[in-house]
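Fold and contact review
Okay, here's what each chain looks like letter by letter:
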Amino acid sequence: GQQLNQSPQSMFIQEGEDVSMNCTSSSIFNTWLWYKQDPGEGPVLLIALYKAGELTSNGRLTAQFGITRKDSFLNISASIPSDVGIYFCAGHSFGNEKLTFGTGTRLTIIP
Amino acid sequence: EAGVVQSPRYKIIEKKQPVAFWCNPISGHNTLYWYLQNLGQGPELLIRYENEEAVDDSQLPKDRFSAERLKGVDSTLKIQPAELGDSAVYLCASSFGTSEETQYFGPGTRLLVL
């Protein structure tokens with residue numbers, strides 16, 4: 001099935017660094033979501049975006065709904081060890097009642 | 001409030017054997033989803049239920065996969081017979097109403113087919 005393109009595929013950073021990742025689609029979405037998945041667990045919703053251009057924060061996380069409706073961005077400031085995991089974007093469009101997930105960005109924090 | 005419960009958490013079977021996964025959604029959530037997650041990939045929808053009705057099963061390989069949600073609460077996903085390529089994580093999620101963006105995922109069942 002279709003999967004959205006996420007970049008980068010993986011990131012190796014030091015604790016305290018800021019992180020940026022993005023997600024692109026060939027089709028327009030009306031809702032963009034960002035999930036985090038820890039090993040052995042299911043994805044957990046971090047942020048939901050509902051309007052083009054919208055910028056939403058959740059603690060140290062900030063996400064943006066791209067103006068073209070075909071992309072979204074997630075930033076994490078001052079990373080901490082518990083930020084380690086895989087981050088997935090997901091898009092939803094009206095009239096197509098299903099979520100399309102990205103391929104994931106794996107975040108690793110180097111000691 | 002309890003989250004989505006799935007069992008078993010892990011399953012190892014030989015190819016051609018049947019296997020079943022069980023999901024108990026969050027209380028009050030009438031929409032239930034089964035997803036397949038291959039290694040290194042995001043989840044892909046297999047089937048979506050609204051109450052006891054399967055409203056989207058277009059991605060479910062019906063030759064070997066089946067699902068049911070009797071009484072509109074718990075659900076079971078079955079594979080018979082399992083193939084090597086079925087090794088993956090099977091995730092269940094639920095949401096209140098039909099809003100796709102408020103899905104809550106269970107921990108998943110990790111299947112290994114030998």
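Whatever comes next refers back to the structure up there.
Residues numbered from 1 in each chain as written. Chains lettered and ligands numbered in written order. Predicted model: local features only at pLDDT ≥ 70, side-chain atom pairs only at ≥ 80, totals over all residues. Heavy atoms only, no water.

Opposite the 20 residues of chain A that make contact, chain B presents 20 residues. For the pair chain A and chain B, the interface holds 0 salt bridges. Here the residues of the side of chain A that touches chain B sort into 8 nonpolar, 9 polar and 3 charged. (Contact = heavy atoms within 4.5 Å. Salt bridge = Lys/Arg side-chain N within 4 Å of Asp/Glu carboxyl O. Nonpolar A, V, L, I, M, F, W, Y, C, P; charged D, E, K, R; others polar.)

Here the focus is the side chain of Gln103 of chain B. Topologically, Gln103 of chain B is positioned in the loop between strand 9 (88–95) and strand 10 (104–105). Only 2.8 Å separates the side chain of Gln103 of chain B from the side chain of Tyr35 of chain B, close enough to count as a polar contact. Every residue in contact with Gln103 of chain B, bar those within four places of it in the chain, is listed here: Tyr35 and Leu99 of chain A together with Tyr33, Tyr35, Ala93, Ser94 and Ser95 of chain B. (Helix = DSSP H or I, 4+ residues; strand = E, 2+ residues; numbered from the N terminus. Polar contact = N/O pair within 3.5 Å; in protein donor to acceptor, adjacent residues only side chain to side chain.)

Take the layout of surface pockets next. What the largest pocket holds in volume is close to 530 Å³. Lining of the largest pocket is provided by 26 residues; of these, Gln37, Ile86 and Arg106 of chain A together with Leu39 and Gly40 of chain B occupy positions nearest its centre. Going through the elements one at a time, strand 9 (85–93) and strand 11 (105–110) of chain A together with strand 9 of chain B are the ones with two or more residues in the lining of the largest pocket. Among the elements that line the lining of the largest pocket, the one with the most residues is strand 11 of chain A, at 4 residues. A per-class count over the lining of the largest pocket returns 8 nonpolar, 14 polar and 4 charged. (1 Å grid on protein atoms, 1.4 Å probe; cavity = no way out; pocket = protein on both sides within 12 Å on 5 of 7 lines; lining within 4 Å. Points joined across faces, edges and corners; volume = space filled by probe spheres on them.)

Another aspect to go through is unusual backbone geometry. All names here are of chain B. Omega for the bond connecting Ser7 with Pro8 falls within 30 degrees of zero, at -5°, which places this linkage in the cis form. Tracing the sequence through the fold places Pro8 in the loop between strand 1 (5–7) and strand 2 (10–13). In this structure, Pro81 follows Gln80 across a cis peptide bond, with omega equal to -5°. If you trace the backbone, Pro81 turns up in the loop between strand 8 (75–79) and strand 9.

Time to look at the packing of aromatic side chains. Counted according to the given criterion, the structure contains 9 aromatic pairs over all chains. Residues Phe101 of chain A and Tyr35 of chain B carry aromatic rings whose centres are separated by 5.8 Å and whose planes lie at 85° to one another, so their mutual orientation is edge-to-face. In this pair, Phe101 of chain A sits in strand 10 (residues 96–101) while Tyr35 of chain B sits in strand 4 (residues 31–37), so the two residues belong to two different chains. For the pair Phe101 of chain A and Tyr35 of chain B, a shared accessibility class is recorded, and that class is buried. Centroid distance Phe101 of chain A to Phe105 of chain B: 6.0 Å. Interplanar angle 80°. Geometry classified as edge-to-face. Placement of the pair is Phe101 of chain A in strand 10 and Phe105 of chain B in strand 10, with the two residues belonging to separate chains. One aromatic cluster is present, built from ring pairs that chain together Tyr35 and Phe101 of chain A together with Tyr33, Tyr35 and Phe105 of chain B. (Phe/Tyr/Trp six-rings, centres within 6.5 Å; stacked < 30°, edge-to-face > 60°. Buried < 20%, exposed > 50% of the residue type's maximum accessible area, 1.4 Å probe, protein only.)

For the rest of this paragraph, the subject is the sheet that holds strand 6 (residues 55–58) of chain A. Residue and element names in this part refer to chain A. With antiparallel pairing, 5 strands are arranged side by side in an open sheet as 1-3-8-7-6. One side of each edge strand has no neighbouring strand; the edge strands of this open sheet are strand 1 (5–7) and strand 6. Pairwise comparison of adjacent strand axes, ignoring direction, gives a mean angle of 15° for this sheet. Pairing of strand 6 with strand 7 (residues 61–65), which is carried by 4 bridges, proceeds in the antiparallel orientation. Across the sheet, residue Leu55 finds its bridge partner in strand 7, namely Gln64. (Pairing = 2+ DSSP bridges. Axes fitted to C-alpha atoms, helices over the stretch in contact; angles between N-to-C directions.)

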